[in-house]
Every structure is written in C-alpha cells, then in structure tokens.
Amino acid sequence: LDYAQCDPIFLEIFNNSFMNIAEQMGYALQNTAYSVNIKERLDFSCAIFDQEGGLVANAPHMPVHLGSMGESVRIIIERNRGNMKPGDVFMLNDPYNGGTHLPDITVVTPVFGEFEGEGAGGEDQDHPQIIFYTASRGHQSDIGGTMPASMPPNSRHIDEEGVLINNFQVVKEGRFMEKDLHALLLSGKYPARNPATNEADIRAQIAANNLGIRELRKLVKHFGLPTVQAYMKHVQDNAEECVRRAISKLSSGAFSYEMDDGSVVKVQITIDDDARSAKVDFTGTSMQLATNFNAPAPVCRAATMYVFRTLVSDVIPMNEGCMKAIDLVIPKGSMLNPRYPAAVVAGNVETSQVVTDAIYGALGVMAAAQGTMNNLTFGNDRYQYYETICGGSGAGPSFDGTSGIHTHMTNSRMTDPEILELRYPVRLNRFEVREGSGGAGLYRG
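Computed from a predicted structure; not experimentally measured. (Residues numbered from 1 in each chain as written. Predicted model: local features only at pLDDT ≥ 70, side-chain atom pairs only at ≥ 80, totals over all residues. Heavy atoms only, no water.)

**Some details on the pattern of salt bridges**
To keep it simple, the criterion reads: Any Lys or Arg side-chain nitrogen found within 4 Å of a carboxyl oxygen on Asp or Glu counts as a salt bridge. Counting from the N terminus, the helices are DSSP H or I runs at least four residues long and the strands are E runs at least two residues long. Classification of residues uses two cut-offs on accessible area relative to the type maximum, computed with a 1.4 Å probe and protein chains only: under 20% is buried, over 50% is exposed, and between them is partly exposed.
Under the definition given, this model contains 18 salt bridges. For Glu 387, the salt bridge goes to Arg 41, with nearest N and O atoms at 3.0 Å. With a gap of 346 residues between them, Glu 387 in strand β13 (residues 384-388) and Arg 41 in the loop between α2 (36-39) and β1 (44-49) connect regions that are remote in the sequence. Considered together, Glu 387 and Arg 41 belong to a single accessibility category, that of buried residues. For Arg 244, the salt bridge identified is with Glu 240, shortest N-O distance 2.9 Å. Of this pair, Arg 244 and Glu 240 both sit in helix α7 (residues 225-247), separated by four residues, roughly a single helical turn. Glu 240 gets classed as buried once you look at its relative accessible area, which sits at 17%. Within the structure, one salt-bridge network assembled from shared partners comprises Glu 71, Arg 74, Arg 301 and Glu 320.

**Examining the sheet that holds strand β9 (residues 264-272)**
Note the cut-off: In this scheme, strands are said to pair when DSSP sees at least two bridges between them. The angle between two axes is taken between their N-to-C directions and runs from 0 to 180 degrees, where each axis is a line fitted to C-alpha atoms and a helix contributes only its stretch in contact.
Here four strands make up an open sheet; going across it, the order is β8-β9-β10-β11 and the pairing mixed. Because the sheet does not close on itself, it has two edges, and the strands there are β8 (253-258) and β11 (326-329). For this sheet the average axis-to-axis angle between neighbouring strands, irrespective of direction, equals 10 degrees. Two elements, strand β10 (residues 277-281) and β11, share four bridges in a ladder whose sense is parallel. If you follow Lys 279 over to β11, its bridge partner there is Asp 327.

**Topic: unusual backbone geometry**
Between Tyr 340 and the following residue, Pro 341, the backbone shows a cis peptide bond with an omega angle of 10 degrees. In this structure, Pro 341 sits in the loop between β11 and α9 (345-363). Despite not being glycine, Leu 42 shows a phi value in the positive range, around 60 degrees. With respect to the element layout, Leu 42 can be found in the loop between α2 and β1. Look at Leu 42 and you get partly exposed, because its relative accessible area is 23%. A positive phi angle, near 80 degrees, is found at Ala 149, a position not held by glycine.

So this is what it looks like as structure tokens:
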C-alpha cells in the first residue's frame, strides 16, 4: 500500500475504522461509568487524536465537547512534552486552557509505540515515542461549587463553580494516583461533594481511553504505523476538502443575537469564493460579562466546527480538517474569549447554543433552535442531579424543524423516568411535549 497517496477505498476503510474506535470507547465509558450523568444521559465524548493533538475522529457524541477537546489535548502535550511515559494519564477541566466548564473533565492518554518500527523519529525500547492520543470528556454530576451539581445560576467567579483542574497526572506509569486525586477533589473554596462518584467516572474514562489504545494498536499491527498515521492526515485532508466544497455554495452574511440580559453575540461571515474559505469574525460581540454566560474560546470554536460540519453531506468524521478552511476571529476579553477568573458555567450550555444559532443565521440556512440546553439541577450533599431537557430545532428554507429533541451543541439524552426515580428520591408527575410551541411559518420550527 502506497500510504503517501490517498486511495479512496482505504480512505473509507480508515474513516470508518477511526470512527468505530471512538464509538467503542464510548460504549466502554457508558458501561463502566457510575453516575447517571454519564451512564444514562450519555453526557460524554470520546475521540482519537494525532501526534500533535489534532482531532482525527470522534463518535457522534457531544458537539460542544468534540470541537473543543483538541485544545485540551494540545495543552496536555505542551505542558508535558518530553516528560510523558507509558502508563501516564492526565486530566484537566480548566476553561482557560482548553476546557469548557468545570463539570466537564477531560482525560488524556498518550499512546506509545509498541511494535517494531512504530516510533516516529527512531523509537527504541528505552525511549518509546508517542504515536497517538486518546481522550474522553465526561460531565461530572458534581465538581464542587456553591450549589449541588456544580451549575450555579448566579456565579460570578470561577471558584464558585467548583474545583479547577489544570494538567493533573491521574495515572503515573500505570499507578492510579488515588490519594492525590481525592485531595484535589476536596481542595478549593467549594470542594466536590461526592469524590467517590468522581473517581468512579474518571476510572471509567481511563478505561475507555485504554480500549481506544488497544484498538489503535490493532490497526497499526495490521497496516503498519506509517500507513495509519498517513491516513489520519488523509482523513483530515478529506474533511477539509468536503468543507471547502460546502463553503463554495454559501454566501457572506452577518447576524446579531441579543440575549435576555442585553448582551449581544455578533458574527460576520465572509466567503472567499476563489480560496473556498470562510472568515468567521465575532468582532462586536459584548465584552466579558460579570455573569456566568461567558463562553471560553474552545466553545466558540466547537460551535463553528459543528455548523460547518453539518453543511457537509458526505459521511465523514468531524475532525481538525473541518477548520482548515475557516479563519476564526474571537476578540480577547469578549464574552466568547473571557479572561480568568470569569465565571463560565452557562457559557457552555447556553451561550454555545446562541453562537450556533447566530452562525446559522448569518449563513441563512436555518432558523434558530431554542437557544438553550434547558438545564435543570437539584441536590444536596448526598444527591446531585443535572439534566438538559430536549427542545426543538428551527426550520429551514425547505424543511420543518424537529420537535422533542436535543439540538446542536448538546446531543445527550434525557434520564429515563424509571432511572430517575430509582437513583434519586423523587417522583416524576408529568413529562410532555408542548404542542405548537415551534412557531408558525411556511415551514414550522
């Protein structure tokens, strides 16, 4: 196989192989996690990354995670370059270093060469080289903060939202750092309420990453490392070309979305027909807010990647190639690129939806969805519950919207009533779709 040239048949094989590995990681995480949040609601994402931390493939999990996880992986690479060893695993949730909001903990595992000839740059047994990364992100049911479930509506400082984790080594050469993790979760002004549940879910994320490693090594054993790494790039290049083709059918536009508090998300999209590229510029968006509706830059990037991926009809994984044709401008100090110690918990679940709707509006391809993830939380020191309630999507120029479904940046499902009542001391009296709430028009939302 001449891996330097992209064979369309092998491209399809690797496209599906990489996506399948991420899907298997997801099933492993779901089956081994403890919390309702991850096990039942499926509020998690799994993906594989190349040597530089570029997203290669993902399962169809949470778009707000997948478009931003690469930033977390690259932070881990940058902070630990030259010091990572086989058996090491790292984690973070820092919104100012690749994270989204504190409940979303990303676990990153480097994949080292194992077979003869695997290591890039001359691997030997004493100095194995990193050949890939696997990563998983899971929304913890509680990570501390002023309120159970770590989604306080009135937070004004990141410390009020929970324990901030930046480049923590959770496994050191195969040894799980249980005491250090426990101490970390109980640190800070508002520590985690249920560290045992956090630990169980983090162990599940580590297991999911390890499954991804085993499957990637099977690919390498079958095809050889140079071929697998070459097709990681081919898969990204193919995604880039697909997005460029989609961009060539679009027109420039602008959109301004005013939120309930008066803050505004503005976007100007300029299409370069010759280069088949797009400039997505959020200049004019409100500056950093005193509230928690600030969205870290990776969230804005995730929304942008998601929108342009949805415009591609080909079956391709959402990956780093989707952004190569896009020049993304997010002003520093704005509500879409805040500075520490801005509160951000609503930025991930509310503002991300607004950004998505604004981009669709600027492109003129679809009306707005509900513009929220409809968060519901309750709890105490023993129970912590977090839910995103489904809504509906907007209509388009030739189609109706969809009803009773999670949209855009959220792709979780709701907790089954039976599970809700089994795991929590509550009773669900009624759950129903509000008929006619989508809005009338030629095509209905």
